[in-house]
Structure formats: C-alpha cells, structure tokens
Amino acid sequence: MEKKKGLRSQQWFGRDGKDGFIYRAWMKNQGIPSKEFEGKPVIGICNTWSELTPCNAHLRELADYVKRGVWEAGGFPVEFPVMSLGETLIKPTAMLYRNLASMDTEESIRANPVDGVVLLCGCDKTTPSTVMGAASVDLPTLVVSGGAMLTGKWKGEDIATSHLWQFSEDYRTGKMSKQDLNFAEACMCRSSGHCAVMGTASTMACMVESLGLSLPGNAAIPAADSRRKVLAHLSGNRIVDMVREDLVLSKVLTREAFENAIMSNAAIGGSTNFVVHLLAIAGRMEIELTIDDFDKFSNKIPLLANLMPSGKYMMEDFYYAGGLPVVLKELAPHLNNNALTVNGQTLGENCKNAESYNSEVITTLDKPFKDDSGIVVVRGNICENGAIIKPSASTPSLMVHKGKAVVFETIEDYNARIDDPELEVDENSILVLKNVGPKGYPGMPEVGNMGLPPKLLNKGVTDMVRISDGRMSGTAYGTVFLHVSPEAAAGGTFALIKEGDIIEVDVPNRKLELLVDAEELAKRKADWKPLDLGQNRGYVKMYIDHVEQSHLGADLDFLVGKSGSEVSRDSH
Ligand code: FES
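Conventions we followed
Residues numbered from 1 in each chain as written. Predicted model: local features only at pLDDT ≥ 70, side-chain atom pairs only at ≥ 80, totals over all residues. Heavy atoms only, no water. Helix = DSSP H or I, 4+ residues; strand = E, 2+ residues; numbered from the N terminus. Rg over C-alpha atoms; globule rule 2.2 N^0.38 Å. Buried < 20%, exposed > 50% of the residue type's maximum accessible area, 1.4 Å probe, protein only. Contact = heavy atoms within 4.5 Å. Areas by Shrake-Rupley, 256 points an atom, 1.4 Å probe, with all protein chains shown as cover. Lys, Arg positive; Asp, Glu negative; His and termini not counted. Charge placed at Lys NZ, Arg CZ, Asp CG, Glu CD. Core = buried A, V, L, I, M, F, W, Y, C linked by side-chain atoms within 4.5 Å. Pairing = 2+ DSSP bridges. Salt bridge = Lys/Arg side-chain N within 4 Å of Asp/Glu carboxyl O. Axes fitted to C-alpha atoms, helices over the stretch in contact; angles between N-to-C directions. Polar contact = N/O pair within 3.5 Å; in protein donor to acceptor, adjacent residues only side chain to side chain.

Glancing now at the overall build of the protein chain. In terms of helices and strands, the protein chain carries 20 helices and 14 strands. The C-alpha radius of gyration of the protein chain comes to 24 Å, within 12% of the 25 Å expected for a compact globule of 572 residues. Expressed along its principal axes, the backbone C-alpha trace of the protein chain runs to roughly 75 × 55 × 50 Å. Taken across its 572 residues, the protein chain has 61% of its residues classed as buried. Considering only intrachain contacts with a sequence separation of at least 6, the fraction spanning at least 24 residues in the protein chain is 75%. Counting every atom, the protein chain has about 22300 Å² of accessible surface; 50% of that belongs to carbon and sulfur. Between the averaged position of the 60 positive side-chain charges in the protein chain and that of its 74 negative side-chain charges there is a distance of 4 Å.

In structure tokens, the structure reads:
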C-alpha cells in the first residue's frame, strides 16, 4: 500500500485502496469534503470539556474558536474528548486520576491521524494530565487554557475560592450565619472559568505560559473576556504553522524552560501543587529535574505578584495589570530568555514590550511584595527525600519553632477528633496528618491545610504548624509542610511519629526533624504495619502498586519517559 510521505495524518488519509476508503469514508459522515484529506495538517483539539468539570464547561465553545483559526490557516481541525478531572466533584480526589487522564491523552493522540495538538484545559489536573500525555508523544503541541472566572462579589467584597477556608472556619465557630454562607455560595462563581485566585488552575496556566507552551497572555485572560476567544483563534492559526515547521514539544520543553517555570512560579506565589506536576512533566520529557531544583531556582526570586492566597488580588486584576508577560519581563535578569516558545519567538522576545498597568498588583524586582517566595524544600528524619513549604503563605514567626505533635493516623481520625473540646492541643502544638500520600490515601488529596481545632480558633489562633504527606489546595494558606517523602504508607519515619513527640522546624536551615532517638525509632519501626486499604483490583490497585513518591512527581513508574508518535503495528 502506497503511503504519501510528510504529514503523519497522510499515513491514514493519504492511502489508496480499502484502507484509505475506510479512513476517509466514515469521517465523511460528518459532512467533510474530500479536499480536507488531501495533505492538510490535521489538528487534534484535545478537549477536557465536561459538565462535571464546571471550570471547563465552556471549553466546547472555546474549541470552536480554535477550529476557526485552524481552518483559516489551511489546517483540518478534529476535536476529541479525554477524561476530564473536575476538582470539586471527583471522589476520592482528582489527583488519583491525573495519571489515568494522562494515559488517555497520550494514547488518544498517538492512535489517531493527527499532526499537531491543541490542549484545552483549565481545572487543576486537566492541565498537567494533558501536557504529560502529549509530552510522551512529542508532536507539535500548544496549550489554550480556559481562563479564570470573574471575581466573585459578596456584600461589596471581592471573593474567590480562598475565602472558602475562612468562611468555613467562621461558620464552624458561629461567626458566620447559614444564610450568609448560602449567599456567598451564590456570589462566588459568577461566570465560566476556573478558580479566580492564584490557585492550582491559574498556577498551571502560568506554568504553560512560562514553559513557552502557549501564546503570550494565555495565563490571565478571564474566561468570560472576548480576548480569550481571540487567543483561541490565534492558537488555531499558530498550531498549523507549528506542524509545517515541525516545532515539536521537545524543542520547547528544555531544561531551561523548566528552570524558567520554577522562577516564574516563585514570583507569582504559585501553588505548591506546581511541584508534583512539573516534576511529572519533566519525567515524561526525560529532563533531569529534582525537587531540590525548586528550592535552588526559587531561592533568589522575590514575590512580584500580589495575588491571593499569598496576597490580595484576583486573576482578573492580574490580567488588567498586564498579566504574566510583565512578570516574565521583570524576571529577565534571572530567566533563560532565549528559551524557544510555541510562537517561534523566544520568551524574552515575547515579553520585551510588556508593561505593568498597576503596581499594586505587579511590582518590580527592587520593590517586591515579599522577599521570600517560591517553594522551600526541607529535609530531616521525618522527610529524608524532602517535604515542601510555601513561605509566602506561612506565618513568619512559625518558620523556626518547636512543638509537641498532635497525631492523626488518617483523615478519618482527624475528622473524628478535631472538634473535640478535650483534644490536647495548644497554639504551639504541631498537627501531624498521616496516610494521605500517593499510596496511603490513595491519590494524595488536598487535606494538608487541615482546619485548626475550634477551641483554638475561638481563642483567636489563626495559624499553626501542620505536617502531612498529602497536598494542599492551591487556594489555601498557612504554615503547612506538605508532600512528606517517604510517605507514611511507604514506611518512612513519618509513619513512626507518636502523640507528644517533639518536632523541630527550622525553615531558614531547611530542617524538619523528629527529636526522638534512633533506638526508640528502630523499636517503633519493628512494630510498624502498613494500613490495609482493601484495594485489590482495577485502576486503584495499579495506581497503588506503581505510583512514585511525591518528590519524583507521583507519576506511575511505567509512564515516565516517552514513546514518540510512531504507531508500532498497522493491521489495516
Ligand atoms: Fe476547578 Fe478550582 S475547582 S480550578
């Protein structure tokens, strides 16, 4: 069977005889004329649209604008769905399925006649899952994010997801009425789009822009702003040229691009979830990146964006102030400005004309909002492979601290005891939550910023040191050590902490230490037994058996790396 050379899609659509007939004839039931199959770049629009992912519910409409751009540039767009992960509804946690969704994306791209891909994503996990999957295929790839919601308005106040944590504590302690809580619920999510703060979804949108994977401006245009549609249209134009230029993902996702993303994340006060997602993407690209790189490259970067939860403003304000290009331009002395981006220009070229329109929202390197930003990696016997903390969201006086551990063996144990007035806890205690890591929960849920005991909230305590092997919502804040590795379920020292043990926190010296002698720990280790999670079949069993620890990105071990876009067998 003769195959036309050149475009990958022509291995399907360019064939003669029975095979070509089959490949084209069924597509024609959608009303597609023959000329579309004659050597036009076929652009897959990989859509994470779902009505069960409210943050992405507008992505079918946005896909239409990508299609317009593809048609206009002489390509042939084909939209296809992949597993969509909605943060608010999926149980037990969307993170359990990030790797599954990435497999769906990878196999859907490789198995089909596409030459280039536009990834449409928004809610937290939909960005890393699709980028991870696309990275393992390595075709020309461009990301269009869905954009953030408009700022919520409640009783004259700007509100967004980060307020939820305060509302919930105020409601628990009786400071907020049920009526006010219901009213706030109706005021917060007033347009399409994802969370309006610099939570994980916005962090991921900034990540793709700083990696060079999207057109400039992608990170901050609100979902409801017509300029988001223009960006989608232009992205449709551009992906067709990327195919013609053979600008594959691996030409953009270099080690330099990853360093840029880490520095940019520090400057915007991005979510701690950034760490596991960026590590997983680097793993797929076979780029050597370690958890220590996050501390190393964050270290010299101050906070330049005043955005919730580290600061005051919302994503809408960020866009009106100039958005991520302003931050990237300000960071130019630190960044790898020659890193190539999807529009064929370098990161430096893309940002050189950016201007801040509001210095309250985006500032300059010489007048930062905070000197400490980014991610700090601590180590000690509790976390031999590391744990992370986001200083910009923490209480400075707790950065060096010693306290007695109040230990919760599981999230159920925490839920059962935290409201108990008899709980032995004071403001100097350290709350420890075990078995919420990748294997232990399983799926590493966002429970690390566990709420404080009501008896302390009522005394006016607003923050305490908390340590867990889980994650924290990107919209949350507090002096919270996360991603302890090895996790409790993997039998690390973290599993051996007992009620009343003294823990020493020393963030300036990157230390998190359990002050219990080695002999006693050896005794506890001999008595330790892993939890029986009762998961004997299906995806969850495969996940538990194969998920890597968080300091490696919590990918499945057999998914690390890439297989390229070749299909090894061809039975037609
Ligand atoms: Fe989807 Fe926050 S719930 S981004």
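Moving on to the nonpolar core. Of all hydrophobic cores here, the largest spans 109 residues; its most connected members are L120, L211, L213, F258, L278, F294 and F318. Apart from residues lying up to four places away in sequence, F318 is in contact with M198, C206, A220, I268, A305, L307, G323, L324, V327, V361 and I362. Of all hydrophobic cores here, the second largest spans 28 residues; its members include V376, V465, I503 and L514.

The sheet contact formed by strand β9 (residues 400–408) and strand β13 (residues 502–506) spans five bridges and is antiparallel. If you follow K404 over to β13, its bridge partner there is I502. Across four bridges, the pairing between β9 and strand β10 (residues 430–433) is parallel. Residue V407 lies in a different strand from β10, and its bridge partner there is V432.

Close approach of charged atoms allows side chains of opposite charge to pair. Under the criterion given, the structure shown has 31 salt bridges. Here D180 makes a salt bridge to K155, at a shortest N to O gap of 3.0 Å. In this pair, D180 is assigned in helix α7 (residues 178–188) and K155 in the loop between β5 (152–154) and β6 (157–159), connecting sequence segments 25 residues apart. By relative accessible area, which is 54% here, K155 ends up exposed. Taking the shortest distance from any N to any O, the salt bridge between E259 and R255 comes out at 2.8 Å. Residue E259 and its partner R255 are located together in helix α11 (residues 255–268), separated by four residues, close to a single helical turn. Residue class for E259 comes out buried when judged on its relative accessible area of 12%.

Moving on, we come to the sheet that holds strand β2 (residues 76–81). Pairing is parallel in the open sheet, where four strands are placed in the order β2-β1-β3-β4. Here the strands that pair on one side only, and so sit at the sheet edges, are β2 and β4 (141–145). The sheet shows a mean angle of 20 degrees between the axes of neighbouring strands, direction not considered. Relative to β2, strand β1 (residues 42–47) is paired through six bridges, and the arrangement is parallel. The residue bridging G44 from the neighbouring strand is V78, located in β2. Packing against the sheet, helix α5 (residues 126–135) makes contact with β1, β3 (116–121) and β4, and its axis sits at approximately 165 degrees to β3.

By the secondary structure assignment, T53 is in the loop between β1 and α3 (59–72). Its relative accessible area of 0% is what places T53 among the buried residues. In the structure, T53 is positioned 245 residues away from S298 in sequence and 32 Å away in space, judged by C-alpha atoms. In contact with T53, not counting residues within four places along its chain, are S84, L85, G86 and C123. In terms of polar contacts, T53 uses its side chain to reach the backbone amide nitrogen of G86, at 3.3 Å.

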